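Each chain, written out:
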Amino acid sequence: DQQVKQNSPSLSVQEGRISILNCDYTNSMFDYFLWYKKYPAEGPTFLISISSIKDKNEDGRFTVFLNKSAKHLSLHIVPSQPGDSAVYFCATVETGANNLFFGTGTRLTVIP
Amino acid sequence: ETGVTQTPRHLVMGMTNKKSLKCEQHLGHNAMYWYKQSAKKPLELMFVYNFKEQTENNSVPSRFSPECPNSSHLFLHLHTLQPEDSALYLCASSQEDRGRYAEAFFGQGTRLTVV
């Protein structure tokens, strides 16, 4: 059973608009959450993270929101740019453990 | 070179072959990992090495054998694989500090096809 779920396999957004990628998790012990971005033929690269003591973390055009009661996090990209087109993976971990649990990814396409 | 480097990038092997995947990290990290990504499945952690010691083996079949000769190099030795082992194998590294999680840096992966 997957502990991290990204229910939307793909998302298309117009350039300049907001992209919202969603992620749900099942284990309440997870306390650190990350988003990775992956271009074709490359490994995932770290994008942004959030600790469970926060509900929002912002870095430039990227903002991650965490709703612990709903076990849900989201990544907002605004404004979206064509270079943001990639697969985005949500990942979670329980502090003290080495095991990152990844979602299946959402392919974002930003249309110029 | 910088970051995490994996070789080869692509590998096709028969079920009776023996091959090895190599990973090298130039980040001075103390932990290294092997992940497997199969189509339409989440990334799965296979092995973890902290300070060259294997600390996790997530029920990986014995036909996959990791080796970590030093903190910068990690190998995955493959033998008598099955077609269902075809996947993208990703190496990653991180700097672990007293249980506080640090972001993992990934290599580009080895696309393995077992025929």
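In this report, the structure presented in the accompanying data block is examined. (Residues numbered from 1 in each chain as written. Chains lettered and ligands numbered in written order. Predicted model: local features only at pLDDT ≥ 70, side-chain atom pairs only at ≥ 80, totals over all residues. Heavy atoms only, no water.)

### What about the overall build of chain A?
And then number 1: On a plain count of helices and strands, chain A comes out with 0 helices and 11 strands.
And then number 2: In chain A, the succession of α and β elements from N to C terminus is β-β-β-β-β-β-β-β-β-β-β.
And then number 3: Relative to the compact-globule value of 13 Å for 112 residues, chain A shows a C-alpha radius of gyration of 13 Å, a close match.
And then number 4: With the C-alpha coordinates of chain A rotated into their principal frame, the extents come out at 40 × 30 × 20 Å.
And then number 5: Scored against the burial criterion, the 112 residues of chain A give a buried share of 45%. (Helix = DSSP H or I, 4+ residues; strand = E, 2+ residues; numbered from the N terminus. Rg over C-alpha atoms; globule rule 2.2 N^0.38 Å. Buried < 20%, exposed > 50% of the residue type's maximum accessible area, 1.4 Å probe, protein only.)

### With respect to unusual backbone geometry
And then number 1: Along the chain, Val78(A) connects to Pro79(A) via a cis peptide bond; the corresponding omega equals -10 degrees.
And then number 2: Relative to the elements of secondary structure, Pro79(A) occurs in the loop between β8 (72–77) and β9 (86–93).
And then number 3: Of note, the amide linkage connecting Thr7(B) to Pro8(B) takes the cis form, showing an omega dihedral of -10 degrees.
And then number 4: Mapped onto the fold, Pro8(B) is located in the loop between β1 (4–7) and β2 (10–13).
And then number 5: Phi is positive for Lys71(A), which is not a glycine, with a value near 50 degrees.
And then number 6: Secondary-structure assignment places Lys71(A) in the loop between β7 (62–67) and β8.
And then number 7: Residues other than glycine seldom take positive phi values, yet Thr80(B) does so here, at roughly 50 degrees.
And then number 8: Along the chain, Thr80(B) turns up in the loop between β8 (73–79) and β9 (87–94).
And then number 9: For Thr80(B), a relative accessible area of 42% corresponds to the partly exposed category.

### Remarks on the interface of chain A and chain B
And then number 1: Counting residues at the interface gives 22 residues for chain A and 25 residues for chain B.
And then number 2: Carbon and sulfur atoms supply 58% of the area buried between chain A and chain B, which totals about 1,700 Å² over both sides.
And then number 3: On the surface where chain A and chain B come into contact, there are 0 salt bridges.
And then number 4: For the side of chain A that touches chain B, the elements supplying multiple residues, two or more each, are β4 (32–38), β5 (45–51) and β9 of chain A.
And then number 5: Counting residues per element, the side of chain A that touches chain B draws most heavily on β4(A), which supplies 4 residues.
And then number 6: Partitioning the side of chain A that touches chain B into residue classes produces 11 nonpolar, 9 polar and 2 charged. (Contact = heavy atoms within 4.5 Å. Buried area = accessible area lost by both parts, 1.4 Å probe. Salt bridge = Lys/Arg side-chain N within 4 Å of Asp/Glu carboxyl O. Nonpolar A, V, L, I, M, F, W, Y, C, P; charged D, E, K, R; others polar.)

### What to know about the side chain of His73(B)
Residues and elements named next belong to chain B.
And then number 1: Within the secondary structure, His-73 is located in strand β8.
And then number 2: In this structure His-73 comes out as buried when scored by relative accessible area, which is 19%.
And then number 3: Here the side chain of His-73 touches Glu-24 through a polar contact of 3.4 Å, side chain to side chain.
And then number 4: Reaching out from His-73, the side chain makes a polar contact with the side chain of Asn-70 at a distance of 2.9 Å. (Polar contact = N/O pair within 3.5 Å; in protein donor to acceptor, adjacent residues only side chain to side chain.)

### As for the environment of Ser20(B)
Residue and element names in this part refer to chain B.
And then number 1: Within the secondary structure, Ser-20 is located in strand β3 (residues 18–25).
And then number 2: The spatial distance from the C-alpha of Ser-20 to the C-alpha of Leu-76 is 5.5 Å, given a sequence separation of 56 residues.
And then number 3: One polar contact links Ser-20 to His-77, side chain to side chain, over a distance of 2.6 Å.

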